[in-house]
Amino acid sequence: MIDAIKQFFDTRIAGDEKETADTGQHRLQLATAALLIEMAQADNQRHSMEFQAIHDGIMEVFDLSPEETAEIIELADEEAHEATDHFEFTQLINQQFGYDDKCRVVELLWRVCLADAEMDRYEEQLVRKIAELLHVQHSEFIAAKLRVQRAYSAANHLADFDDYE
């Protein structure tokens, strides 16, 4: 993972001293995207709705363009396939993110998990495992799940209402 990250940042950031502070941010984007991809694949399926949730979440949280988001996701997908565990990603997040940002990562995981309106037991276990690795309190883990469930429920309810008009 480290070699691919270094190569990505060397080609995108090298030589620009103003952006050296952004290097850490880009690494966090990559680590976060890799965890979200792992989440999308936890049930051994690749649903387009889950990948749309990854794209939207990364773009929203990190304020990236669609092109930058696609590039981060593509690289993160490769890294997720090569990773032997989640520790290398969570370690980077733990080193660079504050507690609130780590809670936001857990919320993004729930968004991916629930994007296809089905929660496989392996998906829930993975969110729990990553939340524990990120040292997110159980109450925040549950609160994030409930926020996402309410948001999806409200969106589905509005979509159902639109069908009657």
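Data block above holds the structure.
Conventions adopted
Residues numbered from 1 in each chain as written. Predicted model: local features only at pLDDT ≥ 70, side-chain atom pairs only at ≥ 80, totals over all residues. Heavy atoms only, no water. Helix = DSSP H or I, 4+ residues; strand = E, 2+ residues; numbered from the N terminus. Buried < 20%, exposed > 50% of the residue type's maximum accessible area, 1.4 Å probe, protein only. Polar contact = N/O pair within 3.5 Å; in protein donor to acceptor, adjacent residues only side chain to side chain. Salt bridge = Lys/Arg side-chain N within 4 Å of Asp/Glu carboxyl O. Expected span 1.5 Å × (residues − 1). Arc of directions from axis to C-beta.

Caption draft 1: Spotlight on the environment of arginine 121. Position of arginine 121 among the secondary structure elements: in helix H7 (residues 121-133). Arginine 121 gets classed as exposed once you look at its relative accessible area, which sits at 56%. Distance in space between the C-alpha atoms of arginine 121 and alanine 42 is 9.1 Å, their sequence separation being 79 residues. A distance of 2.7 Å separates a polar atom in the side chain of arginine 121 from a polar atom in the side chain of tyrosine 122.

Caption draft 2: Seen up close, the pattern of salt bridges. Counted under the stated rule, the structure contains six salt bridges. Where arginine 104 meets glutamate 107, a salt bridge forms, and the shortest distance between an N and an O atom there is 3.1 Å. Taken together, the positions of arginine 104 and glutamate 107, both in helix H6 (residues 99-114) and three residues apart, correspond to about one turn of that helix. Residue glutamate 107 is classed as buried on the basis of its relative accessible area of 14%. Residue arginine 128 is joined to glutamate 124 by a salt bridge in which the shortest nitrogen-to-oxygen separation is 4.0 Å. Of the two residues, arginine 128 and glutamate 124 both sit in helix H7, four residues apart, roughly one turn of that helix. Among the residues examined, glutamate 124 registers a relative accessible area of 26% and is labelled partly exposed.

Caption draft 3: Inspection of H7 at higher detail. Helix length check: H7 (13 residues) gives 18 Å between terminal C-alpha atoms against 18 Å at 1.5 Å per residue, within 8%. The set of residues buried in H7 consists of Glu123, Leu126, Val127, Ile130 and Ala131. Along the long axis of H7, the arc covered by the buried residues comes to 130°, so they all point the same way. Facing away from the buried surface of H7 by more than 90 degrees, the exposed residues are Arg121 and Glu132. Its side-chain oxygen placed 2.8 Å from the backbone nitrogen of tyrosine 122, aspartate 120 serves as the N-cap of H7. A positive backbone phi angle near 60° is found at histidine 135, which sits one or two residues after H7.

Caption draft 4: Main features of unusual backbone geometry. If you check the backbone angles, aspartate 63 has positive phi at about 55° while not being a glycine. Relative to the assigned elements, aspartate 63 resides in the loop between helix H3 (48-62) and helix H4 (66-82). Take aspartate 63: its relative accessible area is 69%, and that puts it in the exposed class. Although it is not a glycine, histidine 135 sits at a positive phi angle of roughly 60°. Looking at the element boundaries, histidine 135 is found in the loop between H7 and helix H8 (138-164). When its relative accessible area of 56% is taken as the criterion, histidine 135 is described as exposed.

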